[in-house]
Amino acid sequence: MNNLSREAILGIILSIALFTGIYFLLPEMEPKKELISFEQEKELGDKLIDLILKDEKKIKSGELYDLTDSIFQRLREFQDEQYRDIPYQMHLVKNAEVNAMALPGGHIVVYTGILKIMDHPDAFAGVVGHEMGHIAHRHIVDRLLTSVGVGALVTIIGGDPGLAHEAIHHLIHSAFSRKQETEADEFGYDLMIKSGFAPIYLSKLFAKFEEEIPTNDIPPILHSHPKHKDRITTAFSYPLPDDFEPAGFSQDRWLKLIDSL
Ligand SMILES: [Zn+2]
């Protein structure tokens, strides 16, 4: 019986090419991320998120959860039509690490460590908007296809925990390309403005990263990013349209809740 789909055959060719190192010599067959459907990406993300959060303490209720969730829901509401069907899910995790990351299929993980250095709710909107950009552009699947290959991804979807750990290792230790980071930034700024969040508060967060985090401990959100100082300037001077209407989340309330972490 031979019922290999076109995707599976392309996947096998791509895996062999990656394995033998001739991938870069191949003509562009088609965008690689098309090898994995969004449904498969979602299944993959669901498997990975379960492993990543297995030993983590998730925050699922309370004032801080409600506030961050309201900001997240507002971003979702103001997205362009074409992204509305993405099943985004935000996971707030009690962990001192300064980190936020996107996983395949719509999962966004935010550690409370990064909230601690945000002095305004709009900065939170900026970080989540940026991660939504990586998901909307399917950057994570792109990265995984390059690092572990389509065969491994299909095997993980089929339930192989060993390969899933390997994929997580790659996600944690490899970086997005500079082009992908720029795309996610542009997506994030655009979404912030539409939803009433001011990028200037993200600029303050970037400046804080620079002050407070040793260069050898740069969080993934900054990996491979357009020059850090340029990024601070871009966010700082990002133009607000004349009809900009602030979403109006209170800074005092934000600071009070962050203080209690
Ligand atoms: Zn990024």
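Above this text sits the structure in question.
Residue numbers restart at each chain and count upward from 1, following the sequence in its written direction. The model is predicted, so local features are restricted to residues of pLDDT at least 70 and side-chain atom pairs to those at 80 or more, both for listing and for counting; the totals for chains, interfaces and linings are taken over all residues.

**Focus: the environment of leucine 257**
Filter applied, for reference: Secondary structure is summarised from DSSP: a helix means a run of H or I of at least four residues, a strand means a run of E of at least two, and numbering begins at the N terminus for each. Here a residue counts as buried when 20 or more other C-beta atoms fall within 10 Å of its C-beta, as exposed when 12 or fewer do, and as partly exposed in between; the C-beta atoms come from the backbone. Here, residue contact means that the backbone-derived C-beta atoms of the two residues sit within 7 Å.
Tracing the chain through its elements places leucine 257 in helix H12 (residues 251-259). On the basis of neighbour counts, which here come to 18 C-beta atoms within 10 Å, the residue leucine 257 falls in the partly exposed class. Sequence separation between leucine 257 and leucine 67 is 190 residues; the distance between their C-alpha atoms is 9.2 Å. Contacts of leucine 257, omitting those with residues within four sequence positions, involve Glu63, Leu64 and Leu67.

**Details of the packing of helix H2 (residues 38-52) against helix H7 (residues 150-157)**
Rules: Axes here refer to lines fitted to C-alpha atoms; in helices the fit is confined to the stretch in contact. Angles between the N-to-C directions go from 0 to 180 degrees. Just so you know how the angles are binned, under 35 degrees is roughly parallel, over 145 roughly antiparallel, 65 to 115 roughly perpendicular, and the rest oblique. Each crossing gets its hand from how the near helix is turned against the far one by less than a right angle, where anticlockwise is left-handed and clockwise is right-handed. Charged residues are taken to be Asp, Glu, Lys and Arg, nonpolar residues to be Ala, Val, Leu, Ile, Met, Phe, Trp, Tyr, Cys and Pro, and polar residues to be all remaining types, Gly included.
Put simply, H2 and H7 touch, their axes get as near as 9 Å, and they point 65° apart. Taken together, the axes of H2 and H7 are roughly perpendicular relative to one another. With respect to the hand of their crossing, H2 and H7 are arranged in left-handed fashion. Contact with H2, carried on its side by Gln40, Glu43, Leu44 and Lys47, involves Leu153, Ile156 and Ile157 of H7 and no other residues of that element. Along the lines of polarity and charge, the residues of the contact of H2 with H7 split into 4 nonpolar, 1 polar and 2 charged.

**Comments concerning the nonpolar core**
Among soluble globular proteins, nonpolar side chains are generally buried collectively. Threshold: Working definition: the nonpolar core is a set of buried Ala, Val, Leu, Ile, Met, Phe, Trp, Tyr and Cys residues, joined through C-beta atoms within 7 Å.
Counting 56 residues, the largest nonpolar core has Ile108, Val110, Val128, Met132, Leu153, Ile156 and Ala167 as its most contacted members. Aside from chain neighbours lying at most four places away, what touches leucine 153 is Ile36, Leu44, Leu144, Leu145 and Val148.

**Some words on the sheet that holds strand S3 (residues 100-102)**
Heads up, the rule is: Strand pairing is assigned whenever DSSP identifies at least 2 bridges connecting the two strands.
An order of S1-S2-S4-S3 is seen for the 4 strands of this open sheet, with the pairing classed as mixed. Each of the sheet's edge strands pairs with one partner strand only, and the pair in question is strand S1 (58-59) and S3. Sheet topology places S3 next to strand S4 (residues 107-111); 3 bridges connect them, and they run antiparallel. Paired with alanine 100 across the bridge in S4 is valine 110. Helix H5 (residues 121-136) contacts strand S2 (89-93), S3 and S4 of the sheet and is inclined by roughly 25° relative to S3.

**Focus on the environment of lysine 94**
Mapped onto the elements, lysine 94 comes out in the loop between S2 and S3. For lysine 94, a count of 13 C-beta atoms within 10 Å translates into the label partly exposed. Taking the C-alpha atoms as reference, lysine 94 lies 5.3 Å from threonine 112; in sequence the two are 18 residues apart. When sequence neighbours within four positions are dropped, the list of residues in contact with lysine 94 reads Lys57, Ile59 and Thr112.

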